[in-house]
Amino acid sequence: MRSDFLCSLQDRLYEDMKKAMKAREAGKLRLSVIRMSRAALKNRAIELGHDLSEEEIIEVLAKEVRMRRDALPEYRRAGDPEKIAELESEIEILMEYLPQQLSKDEITQLATEVIVSVGADSERDLGKVMGVLMPKVKGRADGKLVNQVVRELLTSGH
């Protein structure tokens, strides 16, 4: 894990926002993404009625990444290369604040362990497997990819 990851994510976002403000033009997109993220974090804290834990902050940032990834196919269909590039850049910036993402192989290994531990043997057990697996990969893997891997394992008889 990166050593700078150990300080609070809120603190990092604030410090990086100040740096982006000083960078003016060069940090314009970064500043925008950080401000949107901080607003999302503040809204979530208000919604929950308490200061966010690091885990809750990671959840909010992962949701921000997911929203952008979900929007990419629409812009690809519309043929809007500028918006695609902007979304991809925003995702890159947000990923800097999330823990190292698990590879597909790592997800497959974890999923296999969970499938064995819960005794899953068909796609009917998908919910049972996902219920145990998702807390283990929270913030470190895209839920769609995890779901896809689990489905593949359950249909192939792992």
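Residues numbered from 1 in each chain as written. Predicted model: local features only at pLDDT ≥ 70, side-chain atom pairs only at ≥ 80, totals over all residues. Heavy atoms only, no water.

Focus: the pattern of salt bridges
The final tally for this structure, using the stated rule, is 14 salt bridges. With a shortest N-O distance of 3.9 Å, aspartate 16 and lysine 19 are connected by a salt bridge. One end of the pair, aspartate 16, and the other, lysine 19, are both in helix α1 (residues 9–22), 3 residues apart, so they sit about a helical turn from each other. Ionic pairing is found between aspartate 70 and lysine 144, a salt bridge with its closest N-O pair at 2.8 Å. Of the two residues, aspartate 70 is situated in helix α3 (residues 54–78) and lysine 144 in helix α7 (residues 143–156); the sequence distance between them amounts to 74 residues. On the basis of relative accessible area, lysine 144 is assigned to the exposed category, the value being 54%. Where salt bridges share partners, they join Glu64, Arg68 and Glu90 into one cluster. (Salt bridge = Lys/Arg side-chain N within 4 Å of Asp/Glu carboxyl O. Helix = DSSP H or I, 4+ residues; strand = E, 2+ residues; numbered from the N terminus. Buried < 20%, exposed > 50% of the residue type's maximum accessible area, 1.4 Å probe, protein only.)

Some remarks on the environment of glutamate 64
Mapped onto the elements of the fold, glutamate 64 is located in helix α3. Between the C-alpha atom of glutamate 64 and that of glutamine 10, which follows or precedes it by 54 residues, the distance is 15 Å. Apart from residues lying up to four places away in sequence, glutamate 64 is in contact with Ala40 and Leu94. (Contact = heavy atoms within 4.5 Å.)

A short note on the layout of surface pockets
Quantified by volume, the largest pocket comes out at close to 490 Å³. Glu59, Val60, Ala62, Lys63 and Arg66 are the residues nearest the centre of the largest pocket, which is lined by 26 residues in total. Looking at the lining of the largest pocket, the elements that each hand over two or more residues are α2 (28–48), α3 and α6 (126–137). In terms of residue count, α3 provides more of the lining of the largest pocket than any other element does, 9 residues in total. (1 Å grid on protein atoms, 1.4 Å probe; cavity = no way out; pocket = protein on both sides within 12 Å on 5 of 7 lines; lining within 4 Å. Points joined across faces, edges and corners; volume = space filled by probe spheres on them.)

A short note on the nonpolar core
Within soluble globular proteins, side chains that are nonpolar generally end up buried alongside one another. Leu9, Leu41, Leu52, Ile57, Leu61, Tyr97 and Leu98 are the most contacted members of the largest nonpolar core, which totals 25 residues. Within the residue set of this core, elements represented by two or more residues are α1, α2, α3 and α4 (81–95). The element that contributes the greatest number of residues to this core is α3, accounting for 7 residues. Ala141, Val146, Leu153 and Leu154 belong to the second largest nonpolar core, which has 17 residues in total. (Core = buried A, V, L, I, M, F, W, Y, C linked by side-chain atoms within 4.5 Å.)

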